[in-house]
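# Structure assessment
Letter by letter, the chains look like this.
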Amino acid sequence: MSVAKKASHPSSTSMHTTFPTRTVVVLGGSYGGSRAAQVLAKGMPQGWRVVLVDRNSHMNHVYNFPRYAVLAGHEHKAFIPYNNFPTSSLSDIPSCSSHVRVQATIISIDDHRITLSPNLPGSQQSYVDLEFDYAIYALGSHLPQPIDLWSHQKEGIMKSSLEPPEIPTYGGTKSEGISSLQERQKRVEAARFVLVVGGGALGIQFASDIAALYPQKHVTLLHSRRRLLPKFDDAMHEEALQGLQELNVRVILGERLDFESLQRTSATQGSSEPRVVRTLSGQEISADLLLLCTGQTPNTGLLRDMDPRAVSPDTGLAHVLRTMQLCVPPPSFEPHKLRADDPYLCQKTLYPNIFVVGDAADAFDAIKAGHTSYYQAEVAARNILRLIPRDEKVGIAAGDDLGSELEEYAPGPPAIKVTLGMTKSVYEVNGVVGTKTDGVEDLGVAVMWAARGMRNVTEEEMFE
């Protein structure tokens, strides 16, 4: 194993502790990360452990956030316990020889080391350097603001006069997440005119749910393209558009919001007149509440800080091999040895022990979705389990060509399901587009709880 470089830390007064290796770290406990941890834990040989790191106390089922940010009474169901992994504090990691989960913020990553910080503001606990043999980077992407519980920590977020008072600070706990979603429900309930920007799944779900629950409200969906859901079949656009129109949502296609009009917008105190914003072409839209359902960006800053070559400057996505290993060619890489089926990829990498899955990975035109991350994580986890026996015998090094030994990921056809109000939905699976009218208020969330090992969960148990 190569020697880890010294990690940089935000405070020179922080204390650091380095622990033994024989560790696989999984960074991020959402759809991909939690699945990777499950696969690894089942196949890990004696003397190895999995450390699952996530800044949240519970898995955040973000696909249900749009519904629970509108409809009250189910918000607690979006936060699912990590029951499959015992929880450890940062200070207890040295004594944990078995698989464990730690709630912490990842400060930095190096080729064999991560630096962790406790989530609690003002905590006196020192930063912790945890060495690893393998890592799966599953930190996804930064969510659009309407469902980003952590948005209060980010600088440079656009503020407009349409935004009500600040939502309570979220620090990664279930109770805080519930409060945050409840505050969003109040915002929606108080608004008379709602503008949703973005015609992807998130924008469609927000617009249709608000219109279905509050038919007296004026809901507008603004999308810059001529088609909704542009990455999917044309029939998806037609069905989604029809569903929105049935709910009396005003749909404006091929127009962009003039963000300068947000700063100019103001309502006279005590006036019953709605606020007005404009598109770049000058079209006026009444809006008391703005939901920007665009701008999802890959969460790859830690990889870029480790090695700028690991991340595309154009897309922000991490370069990966089909084995899901982070792809940074060694200096001795010879371009004429590129594989014929992947002419733009390298076979060798400086980081054969780091894997990247989900929204953070530039994974061969795979759509960004939870199920995509799930299957990529399975490939990454199985490949690590293949590498461990070899690593124990002879070790692996930067630049080793391991392609013939490892499983390769191939994306399946695009698949998606988008709700169109409380009961109707449109889906595309294996090229087939259809609609259903069997929807339920909580979106059948018990299925996700069951996938996390909690089968036949009761309504009361979902408050845990």
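This text gives an overview of the structure that appears in the document. It should be emphasised that the depicted structure is a prediction, and the values quoted were computed from it without experimental measurement.

### Some words on the packing of aromatic side chains
In this structure the tally under the stated criterion is 5 aromatic pairs. Ring plane angle 35° and centroid distance 6.1 Å describe the contact between tryptophan 48 and tyrosine 134, whose orientation is recorded as tilted. Highlighted residues: tryptophan 48 in the loop between α1 (31-43) and β2 (49-54) and tyrosine 134 in strand β10 (residues 134-137), separated in sequence by 86 residues. With a relative accessible area of 0%, tyrosine 134 lands in the buried category. With a centroid separation of 5.3 Å and an interplanar angle of 85°, the aromatic rings of tyrosine 374 and tyrosine 375 are classed as edge-to-face. What makes tyrosine 374 partly exposed here is its relative accessible area of 27%. Residue class for tyrosine 375 comes out partly exposed when judged on its relative accessible area of 46%.

### Remarks on the pattern of salt bridges
Considering all chains together, one arrives at 15 salt bridges under this definition. Two residues, lysine 77 and glutamate 459, come together in a salt bridge whose shortest N-O distance is 3.1 Å. A residue pair is termed long-range when its members are at least 10 positions apart, and lysine 77 in the loop between α2 (65-68) and β4 (79-80) and glutamate 459 in the segment after α9 (446-451) qualify at 382 residues. What makes lysine 77 buried here is its relative accessible area of 2%. You can call glutamate 459 partly exposed: its relative accessible area is 43%. Of the charged contacts in the structure, one is a salt bridge between lysine 424 and glutamate 246, with a shortest N-O distance of 3.3 Å. Here lysine 424 is found in the loop between β22 (416-419) and β23 (425-429), whereas its partner glutamate 246 is found in helix α5 (residues 234-246), with 178 residues between them in sequence. You can call lysine 424 buried: its relative accessible area is 15%. Note on glutamate 246: relative accessible area 46%, which makes it partly exposed. One salt-bridge network, in which partners are shared between bridges, spans Arg35, Glu378, Arg382, Arg386 and Glu407.

### Things to note about the environment of glutamate 441
Note that glutamate 441 resides in the loop between β24 (432-436) and α9. Distance from glutamate 441 to tyrosine 68, taken between C-alpha atoms, is 9.1 Å for residues 373 residues apart in sequence. Beyond its immediate stretch of four places on either side in the chain, glutamate 441 contacts Arg67, Tyr68, Leu71 and His74. Within the structure, the side chain of glutamate 441 is placed 3.0 Å from the side chain of histidine 74, a separation counted as a polar contact.

### Topic: α1
Residue pairs spaced three or four apart in an α-helix point in one direction, given the helix's 3.6 residues per turn. Between its terminal C-alpha atoms α1 stretches 19 Å, which fits the 18 Å expected from 13 residues at 1.5 Å a residue. Counted residue by residue, α1 has 10 buried out of 13 residues, so it is predominantly covered. Buried residues of α1: Tyr31, Gly32, Gly33, Ser34, Arg35, Ala36, Ala37, Gln38, Val39 and Leu40, and no others.

What counts, and where the lines are drawn
- Residues numbered from 1 in each chain as written.
- Predicted model: local features only at pLDDT ≥ 70, side-chain atom pairs only at ≥ 80, totals over all residues.
- Heavy atoms only, no water.
- Phe/Tyr/Trp six-rings, centres within 6.5 Å; stacked < 30°, edge-to-face > 60°.
- Helix = DSSP H or I, 4+ residues; strand = E, 2+ residues; numbered from the N terminus.
- Buried < 20%, exposed > 50% of the residue type's maximum accessible area, 1.4 Å probe, protein only.
- Salt bridge = Lys/Arg side-chain N within 4 Å of Asp/Glu carboxyl O.
- Contact = heavy atoms within 4.5 Å.
- Polar contact = N/O pair within 3.5 Å; in protein donor to acceptor, adjacent residues only side chain to side chain.
- Expected span 1.5 Å × (residues − 1).

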